[in-house]
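In case you want the letters, here they are:
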Amino acid sequence: MKLFHTADWHLGKLVQGVYMTEDQRYILQQFMQAIDEEKPDAIIIAGDLYDRSMPPVEAVNLLNDVFAEIVLDKKIPVLAVAGNHDSAGRLNFGSRLMRDSGLHIMGQFRKDQAPIVLTDQFGEVHFHLVPFAEPAAVRTILADDTIHSHQDAMQKIIEHITPTMDTTQRNVFIGHAFVTKYGHEEENTSDSERPLSIGGSDCVDASLFEQFNYTALGHLHKAHFVRNETIRYAGSPLKYSLSEHLHVKGYLIVELDETGLVTVEKRKLMPRRDLRVVEGLMDDLLKLTPSEDYVFVRLTDDTPVASPMERIRTVFPHALHIERKAVRQELSKEIQAIETEQVEDIDLFRAFYADLYSEQPNRETERLFTDMLQEILDEEREAVK
């Protein structure tokens with residue numbers, strides 16, 4: 001079975017105040033052409049279809065057009081889950097009605113969710129769709145008070161799936177999470193990836209997914225595998241922040257053979273306008289060949305430059321941001337100094353508790369504190385949405 005694995009479309013995205021909808025339409029047209037050429041058996045979208053829970057109308061219309069063309073015109077099934085940027089309820093609306101047409105969207109995690117079964121010449125492939133869900137929500141749905149972190153939640157979800165999983169068939173997991181090699185905190189691959197929770201409690205151990213023939217992940221914007229080559233992030237199809245300017249964007253072609261062995265090939269997508277960094281003296285930059293790309297400009301001039309954006313846009317009309325490199329370096333030093341002195345929330349709590357009771361809090365007390373803090377952050381995140 002041939003699958004296209006993509007994720008993190010972030011339709012409706014704003015980058016430095018610029019709506020990316022037309023750039024997204026352009027890149028998705030390339031994606032549609034690739035579908036015509038490669039003729040996959042199914043399309044996987046591993047979360048963050050939209051950039052926010054209430055996307056602009058243009059973004060909704062674009063997704064509607066793309067889904068209609070893939071599912072109704074090309075007759076290719078789409079398997080999608082909600083990400084942390086999406087509104088789970090909105091994506092979930094009408095999902096049962098759309099299922100018969102081949103559009104399988106899982107917006108909200110459900111205890112009774114059965115796998116989606118597709119067939120090829122070798123038999124069945126079972127797809128387990130697991131949307132992003134806060135640990136508190138999973139704790140309620142599974143009625144399991146031991147769930148306190150994203151690791152706990154994912155472990156319990158998989159333990160819930162595996163007893164009824166048909167291991168005689170090929171199994172594919174589709175999810176949206178911050179998966180790392182050993183479940184320890186690692187650096188994000190993009191500034192536009194919203195943290196899932198406080199500290200390192202949003203990390204999930206890749207070993208949880210080793211029983212699946214392939215794991216299609218979303219959330220991290222750089223395409224890469226985790227622990228082994230069957231557990232993969234497809235990355236986003238476009239660059240959405242300065243931290244992504246060196247990423248190579250595209251999608252993955254995944255093929256499962258008769259025994260479930262997987263081969264993966266990455267295919268590039270070429271943007272309408274690249275997002276890149278240009279650096280140098282203002283006078284030198286003004287002599288460069290004009291470009292329509294989105295650029296972040298780093299000026300190396302020692303002294304301030306008058307009307308820098310107005311001048312740079314005579315060469316780069318879509319320049320997004322401009323800064324002096326010397327100022328940036330000084331700010332970086334100040335930030336590093338602050339970070340070295342920063343105290344974790346749990347350390348502050350321990351010091352406060354010891355001052356009150358002349359002893360350190362036990363593990364259960366610390367757990368109650370982190371649960372309470374997480375609930376406050378979750379409420380703040382929902383309020384922002």
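Anything mentioned here points back to the structure above.
Position numbers for residues count from 1 along each chain, tracking the sequence in the order it is written. Two thresholds apply to this predicted model, a pLDDT of at least 70 for residue-level local features and 80 or more for giving and counting side-chain atom pairs, whereas whole-chain, interface and lining totals are computed over all residues. With hydrogens and water set aside, each side-chain value is computed from the structure's full complement of heavy atoms.

Caption draft 1: Structural detail: the pattern of salt bridges. A pairing counts as a salt bridge when a side-chain nitrogen of Lys or Arg comes within 4 Å of a carboxyl oxygen of Asp or Glu. Going through the model one piece at a time under the given rule, you end up with 20 salt bridges. Between glutamate 210 and arginine 227 there is a salt bridge, with the nearest N and O atoms lying 2.9 Å from each other. Residue glutamate 210 is found in the loop between β11 (203-205) and β12 (214-218), and its partner arginine 227 is found in the loop between β13 (224-226) and β14 (228-233); the two are separated by 17 residues along the sequence. Any residue under 20% of the maximum accessible area for its type is buried, any over 50% is exposed, and the rest in between are partly exposed; the area is computed with a 1.4 Å probe on protein chains only. Take arginine 227: its relative accessible area is 34%, and that puts it in the partly exposed class. Of the charged contacts, one joins aspartate 283 and arginine 311 as a salt bridge, the two residues approaching to 3.8 Å between their closest N and O atoms. Residue aspartate 283 is located in helix α7 (residues 282-285), and its partner arginine 311 is located in helix α8 (residues 308-312); the two are separated by 28 residues in the primary sequence. Taking relative accessible area as the criterion, arginine 311 reaches 30% and is therefore assigned partly exposed. A single salt-bridge network, built from bridges that share partners, covers Lys2, Glu38, Glu265 and Arg267. We count a stretch as a helix when DSSP gives it H or I for four or more residues in a row; a strand needs E for two or more, and each element gets its number in order from the N terminus.

Caption draft 2: Structural view of empty space enclosed by the protein. Buriedness of a pocket was judged along seven lines, with at least five required to meet protein on both sides within 12 Å; pockets are open sets of points on a 1 Å grid over the protein atoms alone, cavities are sets where a 1.4 Å probe fits but cannot get out, and lining residues have an atom within 4 Å of a point. Grid points are joined across faces, edges and corners, and a volume is the space filled by probe spheres set on the points. As enumerated under the stated definition, the model contains four cavities of 30 Å³ or more in all. If you add up the space inside the largest cavity, you get close to 120 Å³. Three classes are used, and their members are as follows: Ala, Val, Leu, Ile, Met, Phe, Trp, Tyr, Cys and Pro are nonpolar, Asp, Glu, Lys and Arg are charged, and the others, Gly among them, are polar. Class assignment of the residues belonging to the lining of the largest cavity gives a composition of 12 nonpolar, two polar and one charged.

Caption draft 3: Representation of the sheet that holds strand β8 (residues 123-130). Two strands are said to pair when DSSP picks up at least two bridges between them. What the six strands build is an open sheet, ordered β7-β8-β9-β12-β14-β13; its pairing is mixed. If you trace the sheet from one side to the other, it starts and ends with β7 (116-120) and β13, each paired once. On average, each strand axis in the sheet is inclined to that of its neighbour by 30 degrees, with strand direction left out of account. As paired elements, β13 and β14 share three bridges and run antiparallel to each other. Residue pairing in the sheet places phenylalanine 225 in a bridge with arginine 232 of β14. Axes, fitted as lines to C-alpha atoms, cover a helix only where it is in contact. Angles between the N-to-C directions of the axes lie from 0 to 180 degrees.

Caption draft 4: Quick peek at unusual backbone geometry. Despite not being glycine, histidine 219 has its phi angle at roughly 125 degrees, a positive value. A relative accessible area of 2% means that histidine 219 is categorised as buried. In the Ramachandran plot, serine 307 falls in the positive-phi region, its phi being about 45 degrees despite a non-glycine side chain. Looking at the secondary structure, you find serine 307 in the loop between β18 (294-299) and α8.

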